[in-house]
Structures are given as C-alpha cells and as structure tokens.
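This is what each chain is made of:
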Amino acid sequence: MRAICAARLRRERADKLSARVRRILVKTLYTQPASLAIGAFTTVTAATLAAWFAEMPELYVGCVLLTVIAVARVTAALGLSPNSHGTSTRKLELVYEIGAFSYALVLGMYGAATIWLEAPSEVQVLMVANALCYGVGVSPRNAGRPVIGIGQLALACVPIMVACLASGKPGLIVLAVTIGLLIPAMMSIVLNVFKVLRDSISAAETSQQLADKMQHLARTDVVTGLANRAGLNHAMVETMMTVDDDTRLALIWIDLDRFKEVNDLLGHPVGDRVLSEVARRLTDVCPDGSTVSRFGGDEFVLFCPVDDRKHAERIASEVHAEIMRTVRIDGDRLEVRASLGVALLPEDGRDADTLMQSADLALYHAKVGGRAQTRFFDKTMTRDLVRRREIEDELRAALQRDELSIFFQPIVDLETGKIRTFEALVRWFHPEKGELRPDEFIPVAEETGVIVTLGNWITAQAARTAAQWPEDVTVAVNLSPLQIRAPGAALGIRNALREAGLDPARLELEVTESLFIEDNHATAAFIEELSSIGVKFALDDFGTGYSSLGYINTFPLNKIKVDRSFVSGPNVGRKSDAIIRAVAEMGSTLEMEIVAEGLETIEQVQAVREAGCTLGQGFYFSRAVPDYLAAMLLAQERDSDTRRVIG
C-alpha cells in the first residue's frame, strides 16, 4: 500500500511538472506578437501584389482570407495574456492552433492555386517561395508545441506539392519531390528543438524546486516547523526594508522557564513535543502578518505589526496566557511557564539589531525579576550595557597583560583518524573572575571594534604555534566580519604569517555566512588577496545563516563546516541527515572538504562519515587543549605510526 501511494505521489509530481513545462512551452508561442504581425503584413502584401500582377480575381479571395486571419491572430496574441492564471493552457493552445493552421492552409492553397491556375511564372515563384519559407521558418519557431509547428509546415507545403504533381510538368514534379524530402527533414529539426526545450525547462524547474526546498529547510526549524533564526532574520530584514515612518512593530522575545528540567526528567522527545505545542499555540494567537520563530533552544521570537503600545500589551498578554495553559502529553499534565521581553519600533529601536537588543534586555529583566512575567523595554535597563562596557575595558587591558590564551581543538580525517588541522580558540582567564566564556566577550569585542586587535593577536599566536608542527598539519582561525572589513586586514594576516615563518597554505581562515549578506567590495578584495598567496578559506556554521549556494559559487572556499545543530542535539533527525548528505555530495562534486562539528559519540562519527563528510571535530576526538598538549597529540600520533611501521 505504501509503495502504491509513493508511486501515485511520484506520478502526481511528474504530472504537475509536465503541466508547468507545457505551460512554459505554450507561452513561447505568444512571446513575440510583433514578429507575427510583421510576418503577416509581409505575406498579405506579397499575396496582394501577386493577385495584381496575375490579374486573376480568384487570387483576391485568398488575399482577403489571409488578411482576416492575420488580423484575428494578432488581436488574439495581444488580447490573451499567457501569464494570466485565468487563461488555461488548453485555451491558449487551441486559439493559437486555429489561427496558425487556418493561416498556413490558406497560404499553402494560395501558392497551389498559382500553379493550378497557371499564373505567370514570377507570381508562382513569389507565392510558392512565400508559402515554403513560411512553413520552414515558422515550424522551428513554434517547436515548443511540435504539433503546431509540424502542422503549419504540412498545411503550407502539402497543397503546393499536390499541385506540382497534378501539373505533370517535369520541373514541378521535381519540386514536389524536393518538398516531400523537406517535410520530414524539418519535422526532425522541430522534434529535436522541442526535446531540447522540454528537457532544459524540466531540468531548470527541478533545480529550482531543489533550491527552494534547501532554502526552506535552511530557514525552518526542524522540530516546530516555525522559522528558525535565519528565517526570522530574513523576515525582519524584508519587513524593515518596506516599512514607512508611521509603521509600528513589536518584537516579543519568549523564553520558556526551566525548560531544561523537562528535557532532563522526561527526555528530549517529550521536550520536542512541548516545543511543538507551544509553537502551535503561538501560531494560533499571533495576528495576521506576523513572523513566529524558534530562535534557538527554548526561545521563541514573535515579530508582528501593532497599532500602538496598548495593542502590543494585549498581544503579549494573550501570548503569555496561551503558553501558560496546561500542556497534556500522553496523559501527563505539564505546567509551562515563560518570561517575555517586548520591544517596540520605533520607540526602542529603528533597526532590527537594536530592536533585538532591546527585547533581549527586557527579557533579561523579566527573568531577573522572578520569571513568568512580561517586561517592556525602557531606558532604565542599562545593567547589561554597563556590564558590556566593563568587559570592553577589561578586554583591552587583558590583551596588554597577556591574560588571553590560545587553545587548539583537532579536526580529524574521518577515513584515517589522523589530525589534519587544529582550530585556534581564544580563552580568557581573568585573575579575579576566573574563566570568561567567549560568548561573553567576543560579541562585546565585535561591537566595540576591539575584535580587530584581538583577531590579529589570535592569528599571530596561532601562526607561531603552527610553525612548530609537522608541515602536513594546518591551523584554522575564525575571523569576524568586522575584522575582515577593517582597513589593512589582509596586510595584518600576511604580517602574522611572515613573522611566524608559516607557509600561507597551512593557514585556514574560517568565515561565517553573515560575512556575505552584504555585497562588500572589501570582503571580496580580502579573500582574493589572501587566496592568491595560498591561504585557504572555510565556510563555518553552514546551515545556520542564509546558506546561499551563491557564496560557494562566487568565493574560493575550500572547506564547509556543517553546524553542530545538524549533528547533535534535540533537532537531529531525518531532515538534518538529508541536509548533511546533500552538502557532502555537493562538496564531493566541487572537491571541497566537509567538516562535521559537534561530534560527541561514535555513532555520530559513523553517521556523518557514511553521509559523506570527510573531516570531524568535537569532544569525541578531543576538547580544545593548550599548545603544548596539541604538540603532544601530534607527537603521539607520529610515534604510533612509527611503531606500526616498525612492527
């Protein structure tokens, strides 16, 4: 039964594709009404002159018929819109067939009449040439529908061929034989042109469907079916580009309180079902024109139009009440609580980033204030900003006091198990506050511009360390878009390589998709300059941003790193596996390395290797380690290889 359903589904898809291809091919018949008018005018003029030269009243009947049909065809071509969904494909085709066949038949009969009535030789040549040239010329033009093209050819040529044979004159009989050979030759050409057109359009349609599907997957959360972070960003950017000064929007940031306990106590499958139920409720309660997204983990973001602040308060209240309703999973009652942070445009920010920051800060205060409540952003919420300024000042001092360290996490060849690359990761050990996570200070460094100094320092330190490793081991360094766009960015990288004595081919620079969102000439110049000396580039966190294949086609990328969210975590499943396989197959075709991040178990390693990934990175192989431990890992690996050879 399942096989029958699958076959039926495939047939339906094929039928839909065939219908779209046929529609496109029929539209080609209507693409140039001007050429139709010019051709008709030329032919009618020739027919009129032929009748006048021959002084045969009978031929004027053909002139009138050609004129009437030509006017009707041009009128129909101009009046019928092939792009209108209200006009069926069959109607477009039928109207064109009637006009085309009748015109070709009258023209062919006109040419045959000049032979049958023994008109002057120049008149016969004029009209026979017109009819034959029309049939030969129009058949390839209408090859999109071969029945029409071949039908016009036959109707224009066959009457002349019959008249030539009936005349009994040797020269005309030879002409009839020639026409008889011409018709199948032109039929072959028409059918070949049709096949090329049909196959090209079908391939383009299939490719477009695949691209649309991949884009949809890249912007959709696999658990809830809502927009993911990339989908939200896309919707916000598109909305913000079209709003006017009077438009008011609300951004509601929702965080499910203590949701981790649900996953820990009941398991991730139950947690995913709760997330899906929350997503459904949000979709039901949000106003028209809203974007509902799962921002990540247990966070949701609602972006919607509002009339005023009171309207936003009412929406936030309804959302909160809807989420707080009891959730029933397999007979169990689960109480879900949520904290909400709300920011309004234009009061709390006139761009997407500022609006997100304001809502995030409002959410922070809602959680600090006791959770399960809604807070709107106001100007007094400066605690986070003060903390960021504090980190900025301390980070500048940390660079001078050598409080920062570089750790290295291996990237392993999944086929041989050998270390191919180490990714350089910065660590900050504060003398009073202990270790600070990168996600605490890297965003601050990017916002304040310190990332340029920090990035150059990381590259220089990583290059010095890598210069001591075996020549077949490379080092990867993450680059911030701000660092790349800074003046002299490429020169800073080149200086670091020269001072360390490291071969540029052993340096890999990892960039994220956010780098390519804006068409920036500085970015292209940076990549081109460093690529020319051998530096490699890798696309990091693929699948979490816009995931455009245009980046891969435009820039000289040597490696793609599939984001850990497709490898481990609650969102892993059939769809994420399909995405990994698609990316791996693309990488194999383009001779690019595919790295699977976040590998924690042997099962994950086996799965990504079978999917086609060539390299792996994650805690299964090793955590990030100091430089001396990285050197020890390499030494142990080489020593093991040596013992294996000796043994």
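In the block above lies the structure referred to throughout.
Our subject in this report is the structure included herewith. Note that the structure is a prediction, hence the values are computed from the model and not measured.

The subject of this paragraph is the environment of Glu-55. With respect to the helices, strands and loops of the structure, Glu-55 is situated in the loop between helix 2 (33-54) and helix 3 (57-79). In the structure, Glu-55 is positioned 64 residues away from Ala-119 in sequence and 8.9 Å away in space, judged by C-alpha atoms.

Either a parallel or an antiparallel arrangement is found when strands of a sheet pair, and the pairing is made through backbone hydrogen bonds. Read across the sheet, five strands follow the order 2-3-1-6-7 without closing on themselves; strand pairing throughout is mixed. One side of each edge strand has no neighbouring strand; the edge strands of this open sheet are strand 2 (291-296) and strand 7 (374-376). In this sheet, adjacent strand axes meet at a mean angle of 20° when their direction is disregarded. Sheet topology note: the strand 2/strand 3 (residues 299-305) ladder contains five bridges and is antiparallel. The residue bridging Ser-293 from the neighbouring strand is Val-301, located in strand 3. Sitting on the sheet, helix 8 (residues 229-242) is in contact with strand 1 (249-256), strand 2, strand 3 and strand 6 (338-345), with an inclination near 140° to strand 2. The strands that helix 11 (residues 309-324) touches are strand 1, strand 3, strand 6 and strand 7; relative to strand 6, the one it contacts most, it runs at about 160°.

Take the pattern of salt bridges next. This model, assessed by the stated rule, comprises 18 salt bridges. For Glu-347, the salt bridge is made with Arg-248, and the minimal N-O distance between the two is 2.3 Å. Placement of the pair is Glu-347 in the loop between strand 6 and helix 12 (352-368) and Arg-248 in the loop between helix 8 and strand 1, with a sequence separation of 99 residues. Assessed through its relative accessible area of 37%, Glu-347 is described here as partly exposed. A salt bridge links Glu-313 to Arg-309; its shortest N-O distance comes to 3.3 Å. One end of the pair, Glu-313, and the other, Arg-309, are both in helix 11, four residues apart, so they sit about a helical turn from each other.

On to the pairing of strand 1. Among the eight residues in strand 1, eight count as buried, and that is most of the element. Burial along strand 1 is two-sided: the residues Leu-249, Leu-251, Trp-253 and Asp-255 and Ala-250, Ile-252, Ile-254 and Leu-256 are all buried. Bridge analysis of strand 1 against strand 3 gives seven bridges, and the strand direction is antiparallel. Residue pairing across strands places Ala-250 opposite Cys-304, the latter belonging to strand 3. Across eight bridges, strand 1 lies against strand 6 in antiparallel orientation. Bridged to Leu-249 within strand 6 is Leu-345.

With 17 residues, helix 15 (residues 450-466) should cover 24 Å at 1.5 Å per step; its first-to-last C-alpha distance of 24 Å lies within 8% of that length. Burial analysis of helix 15 places 12 of its 17 residues in the buried class, which makes it a mostly covered element. For helix 15, the complete set of buried residues consists of Val-450, Ile-451, Leu-454, Gly-455, Trp-457, Ile-458, Thr-459, Ala-460, Ala-462, Ala-463, Thr-465 and Ala-466.

By the criterion of burial, strand 6 is predominantly enclosed, with eight of the eight residues buried. Covered by surrounding structure in strand 6 are Ala-338, Leu-340, Val-342 and Leu-344 together with Ser-339, Gly-341, Ala-343 and Leu-345, the residues of both alternating faces. Judged from the three bridges that link them, strand 6 and strand 7 form a sheet pairing that is parallel. By the bridge assignment, Val-342 is partnered in strand 7 with Phe-376.

Moving on, we come to the nonpolar core. In this structure, Leu-454, Leu-509 and Phe-526 are the most contacted members of the largest nonpolar core, which totals 70 residues. By residue number, the principal contributor to this core is helix 15, which donates eight residues. With sequence-adjacent residues up to four places away left out, Phe-526 is seen in contact with Leu-479, Ile-484, Ala-489, Ala-490, Ile-493, Leu-509 and Phe-537.

A word on the environment of Gly-289. With respect to the secondary-structure elements, Gly-289 resides in the loop between helix 10 (268-285) and strand 2. Residues within four places of Gly-289 in sequence aside, it is in contact with Phe-303 and Pro-305.

Let us now look at the packing of helix 17 (residues 489-500) against helix 18 (residues 521-532). Packing of helix 17 against helix 18 leaves a shortest axis separation of 9 Å and a crossing angle of 25°. When the axes of helix 17 and helix 18 are compared, the pair comes out roughly parallel. The chirality of how helix 17 crosses helix 18 is right-handed. Seen from helix 17, the contacting residues are Ala-489, Ala-490, Ile-493 and Arg-494; seen from helix 18, they are Phe-526, Glu-529 and Leu-530. Taken together, the residues of the contact of helix 17 with helix 18 break down into five nonpolar, no polar and two charged.

Cut-offs and rules
- Residues numbered from 1 in each chain as written.
- Predicted model: local features only at pLDDT ≥ 70, side-chain atom pairs only at ≥ 80, totals over all residues.
- Heavy atoms only, no water.
- Helix = DSSP H or I, 4+ residues; strand = E, 2+ residues; numbered from the N terminus.
- Pairing = 2+ DSSP bridges.
- Axes fitted to C-alpha atoms, helices over the stretch in contact; angles between N-to-C directions.
- Contact = heavy atoms within 4.5 Å.
- Salt bridge = Lys/Arg side-chain N within 4 Å of Asp/Glu carboxyl O.
- Buried < 20%, exposed > 50% of the residue type's maximum accessible area, 1.4 Å probe, protein only.
- Expected span 1.5 Å × (residues − 1).
- Core = buried A, V, L, I, M, F, W, Y, C linked by side-chain atoms within 4.5 Å.
- Parallel < 35°, antiparallel > 145°, perpendicular 65-115°, else oblique.
- Left-handed = near helix turned anticlockwise from the far one by under 90°.
- Nonpolar A, V, L, I, M, F, W, Y, C, P; charged D, E, K, R; others polar.

Interpretation note: all reported values are geometric properties and have no functional meaning in isolation.
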